Amino acid sequence: MRNLVIAVLTYLLVIVPGVLASNAVAHTAQTATSSKASAKAERLRIKHAAHKKTAAKPVKWSCKGKETLWITGDMQRDQILTMRWGRKNYQLPRVRTTTGADRFYDPASGMNWIVIPSKAMLFNDKGQHKRRLADECKSPAMIAKDTPAPTQAEAIRKAH
């Protein structure tokens, strides 16, 4: 009988606290994981909300021959514009020029968007059919107020 009591006491003192501790650790780990997940979700929500507020809205450019395209981004500041032409979006990185024109060109697609103060033009430099896709494109501000295109060169000229 004495051995049985010693075995029960040993069980209660050694095994049960270990089981309870492992359950507590598992619960703590699960709580920590869920709190990390909720913290990450909150950070993503805040980041997404901030992005929505600062995200530029697409601007419709009207071109000769009733062609239209949409430009998202700030031509005076951004290094990459998004252009919607047809049913596709193109990411067009800025290319340096010596003429003062703003040029956004994606060699992979061949899309070449050139903006001078009086108008903008879209070329496709890819494949056999290298051609001008749109000419005399103007933003609504250019049409309504007869203002020059919002180019980086124009912004520099106004600053001096």
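To keep things clear, this report deals only with the structure shown in the data block. Just so we're clear, the structure is a prediction, and the values are computed from it rather than from any experiment.

## A few points about the overall build of the chain
- On a plain count of helices and strands, the chain comes out with 3 helices and 8 strands.
- Each helix and strand of the chain, placed in order from N terminus to C terminus, yields the pattern α-β-β-β-β-β-β-β-β-α-α.
- Expressed as a percentage of its 160 residues, the buried residues of the chain come to 24%.
- Considering only intrachain contacts with a sequence separation of at least 6, the fraction spanning at least 24 residues in the chain is 31%.

## Re the pairing of strand β2 (residues 68–72)
- Taking every second residue as pointing to the same face, the buried face of β2 carries Leu69 and Ile71, while none of Thr68, Trp70 and Thr72 on the other face is buried.
- Relative to β2, strand β1 (residues 59–62) runs antiparallel, the two being bridged by 4 bridges. Residue pairing across strands places Ser62 opposite Thr68, the latter belonging to β2.
- Across 3 bridges, the pairing between β2 and strand β3 (residues 80–85) is antiparallel.

## Re unusual backbone geometry
- Positioned with a positive phi, Lys66 is a non-glycine residue whose angle comes to about 60°.
- Of note, Lys66 is situated in the loop between β1 and β2.
- Lys66 gets classed as exposed once you look at its relative accessible area, which sits at 81%.
- For Glu136, which is not glycine, the phi dihedral falls at a positive 55°.

## Remarks on the pattern of salt bridges
- Considering all chains together, one arrives at 5 salt bridges under this definition.
- Notably, a salt bridge pairs Arg94 with Asp102, separated by 3.6 Å at the nearest N-O pair.
- Owing to a relative accessible area of 16%, Arg94 belongs among the buried residues under this scheme.
- One salt bridge in this structure joins Arg132 and Asp135, with 3.1 Å as the shortest N-O distance.
- If you follow the salt bridges from partner to partner, you end up with Asp74, Arg77 and Asp78 in one network.

## Regarding the nonpolar core
- Core analysis: the biggest nonpolar cluster contains 21 residues, and Trp61, Leu69, Met83, Trp85, Trp113 and Leu122 have the highest contact counts within it.
- Going through the elements one at a time, β2, β3, β4 (88–95), β6 (111–116), β7 (119–124) and β8 (131–137) are the ones with two or more residues in this core.

## Quick look at the packing of aromatic side chains
- Here the structure, examined in full by the defined rule, presents 1 aromatic pair.
- A cation over an aromatic ring shows up here: Arg103 above the ring of Tyr105, its NZ or CZ 4.7 Å from the ring centre.

## A look at the state of the cysteines
- The tally for this structure, following the rule as stated, stands at 1 disulfide.
- Through a disulfide, Cys63 is tied to Cys137; the S-S separation comes to 2.0 Å. Measuring the twist about the S-S bond at about 105°, one finds the Cys63-Cys137 disulfide to be right-handed. Of the two residues, Cys63 is situated in the loop between β1 and β2 and Cys137 in strand β8; the sequence distance between them amounts to 74 residues.
- Judged by its relative accessible area of 8%, Cys63 is buried.

Calculation notes
Residues numbered from 1 in each chain as written. Predicted model: local features only at pLDDT ≥ 70, side-chain atom pairs only at ≥ 80, totals over all residues. Heavy atoms only, no water. Helix = DSSP H or I, 4+ residues; strand = E, 2+ residues; numbered from the N terminus. Buried < 20%, exposed > 50% of the residue type's maximum accessible area, 1.4 Å probe, protein only. Contact = heavy atoms within 4.5 Å. Pairing = 2+ DSSP bridges. Salt bridge = Lys/Arg side-chain N within 4 Å of Asp/Glu carboxyl O. Core = buried A, V, L, I, M, F, W, Y, C linked by side-chain atoms within 4.5 Å. Phe/Tyr/Trp six-rings, centres within 6.5 Å; stacked < 30°, edge-to-face > 60°. Lys NZ or Arg CZ within 6 Å of the ring centre and 35° of its normal. Disulfide = S-S within 2.5 Å.

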